[in-house]
Amino acid sequence: VIVQTNDLNFSKKQIALIDNFVKNGGGLLFQGKFNSELKSILPINKFYSQKNIDIMTWTKNINDFSIFSNLKDSEIPPISFWKVDPKVGAKVLARTNNYATIISSKYSNGKILYLSCLDLWKWELSGKNQSYFNFINHTIKWLGSKNTKLFEASLPKYGFDLNEPIEVKLKAVDQNLNPRQNI
C-alpha cells in the first residue's frame, strides 16, 4: 500500500523492489497523486496536476468483481481527486463525470488498484452500513490473492465444544474473487 499525499521520491532500488514484487504476483494499492517514477507500473496514461471535487460513481466494470457487488453510489459523498487518464487495457471501476478515480490493472503476474482520491474515507462517515470498510477489506483481500485456484472457507461460528461436529463451507473463486462454476 502506497499513499502519496505529497511528492514521494523513490530510489532506483525501491522502484525495482516494487516492480519485482508486483511482477511476481504481488498486489499494489496506490492512492493519491500520480508518481512519475512508477509510471511503468501504475495504470495511468496521463496525469493532470489540478485537483477537483466531484461525486464518484461506480462503472459497469465493478460487476467484473463480485467482491465489490454490494457497493452503492448514493453512499459516497463528494471527494477530491487528481485528474488522470487510464492506460489502454486498464479497467475503470469508478469515475466522476469526466475522470477515472479508481482504476484496476494487471502488471505481469500482479494486480494494481489505483485510487486518484485521497479522501475516500469520507464515505465511512456518511454511510449507514459498512460499505467503506467492506470495500477496503475486499480490496486488500483481492490484491493479496495470487492464485486462480482459490477457496474461501467459512464457519457458522467462532468457537466449538469438544466433540461438536463442525461444518466448513467452501466456496471456489477466481483471481477476481468471483465464484467459480463447474469445479
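Computed from a prediction, not measured in an experiment: that's the story for all the values here.

Conventions adopted
Residues numbered from 1 in each chain as written. Predicted model: local features only at pLDDT ≥ 70, side-chain atom pairs only at ≥ 80, totals over all residues. Heavy atoms only, no water. Pairing = 2+ DSSP bridges. Helix = DSSP H or I, 4+ residues; strand = E, 2+ residues; numbered from the N terminus. Contact = heavy atoms within 4.5 Å. Axes fitted to C-alpha atoms, helices over the stretch in contact; angles between N-to-C directions. Salt bridge = Lys/Arg side-chain N within 4 Å of Asp/Glu carboxyl O. Buried < 20%, exposed > 50% of the residue type's maximum accessible area, 1.4 Å probe, protein only. Core = buried A, V, L, I, M, F, W, Y, C linked by side-chain atoms within 4.5 Å. Right-handed = clockwise from strand over helix to strand, strands pointing away. Phe/Tyr/Trp six-rings, centres within 6.5 Å; stacked < 30°, edge-to-face > 60°.

Draft legend 1. Focus on the sheet that holds strand S6 (residues 91–95). A sheet is described by the order of its strands in space; here six strands give the open sequence S1-S2-S8-S7-S6-S4, paired in mixed fashion. In this open sheet, the two edge strands, each paired with only one partner strand, are strand S1 (2–4) and strand S4 (57–58). When strand S2 (residues 27–32) meets strand S8 (residues 110–115), the two strands line up parallel, connected through five bridges. Bridging from a neighbouring strand, Leu-29 pairs with Leu-113 of S8. Strands S1, S2, strand S7 (100–107) and S8 of the sheet are contacted by helix H1 (residues 12–23), whose axis makes an angle of about 120 degrees with S8.

Draft legend 2. How the structure looks around the pattern of salt bridges. Going through the model one piece at a time under the given rule, you end up with two salt bridges. Between Asp-19 and Lys-23 there is a salt bridge, and its shortest N-O distance comes to 3.2 Å. One end of the pair, Asp-19, and the other, Lys-23, are both in helix H1, four residues apart, so they sit about a helical turn from each other. Using a relative accessible area of 12% as the deciding quantity, one classes Asp-19 as buried. Between Asp-64 and Lys-91 there is a salt bridge whose closest N-O contact spans 2.7 Å. Of this pair, Asp-64 sits in the loop between S4 and strand S5 (79–86) while Lys-91 sits in strand S6, and the two are 27 residues apart along the sequence. We classify Lys-91 as partly exposed; its relative accessible area is 30%.

Draft legend 3. The nonpolar core, seen in detail. Of all hydrophobic cores here, the largest spans 24 residues; its most connected members are Trp-58, Ile-102, Leu-113, Leu-120 and Phe-135. Elements with a minimum of two residues in this core: S5, S6, S8 and helix H3 (131–144). Considering each element in turn, this core owes the most residues, four residues, to H3. Sequence-distant contacts of Ile-102, that is, excluding residues within four places in its chain, are made with Met-56, Trp-58, Lys-91, Val-92, Leu-93, Ala-94, Leu-113, Tyr-114, Leu-115, Leu-120 and Phe-135. The next biggest cluster of nonpolar side chains, apart from the first, holds 19 residues, and it includes Ile-2, Leu-38, Val-84 and Val-92.

Draft legend 4. Quick look at the pairing of S2. Most of S2 is tucked away, with six of its six residues classed as buried. In the sheet, S1 pairs with S2 via three bridges, with the strands oriented parallel. Each residue of the ladder has a partner; that of Ile-2, found in S2, is Phe-30. The parallel pair S1 and S2, bridged by H1, forms a crossover whose chirality is right-handed.

Draft legend 5. Focus on the packing of aromatic side chains. Within the structure shown, the criterion is met by five aromatic pairs. On the numbers, 5.7 Å between centres and 15 degrees between planes, the contact of Phe-30 with Tyr-114 is stacked. Of the two residues, Phe-30 sits in strand S2 while Tyr-114 sits in strand S8, which places them 84 residues apart along the sequence. Residue classification places Phe-30 among the buried residues on the basis of a relative accessible area of 0%. Ring centres of Trp-58 and Phe-135 lie 5.7 Å apart, and the angle between their planes is 50 degrees; this geometry places the pair in the tilted category. Of the two residues, Trp-58 is situated in strand S4 and Phe-135 in helix H3; the sequence distance between them amounts to 77 residues. Note on Trp-58: relative accessible area 11%, which makes it buried. Accessibility expressed as a relative area gives 1% for Phe-135, which makes it buried. In this structure an aromatic cluster arises from ring pairing among Phe-34, Phe-47 and Trp-82.

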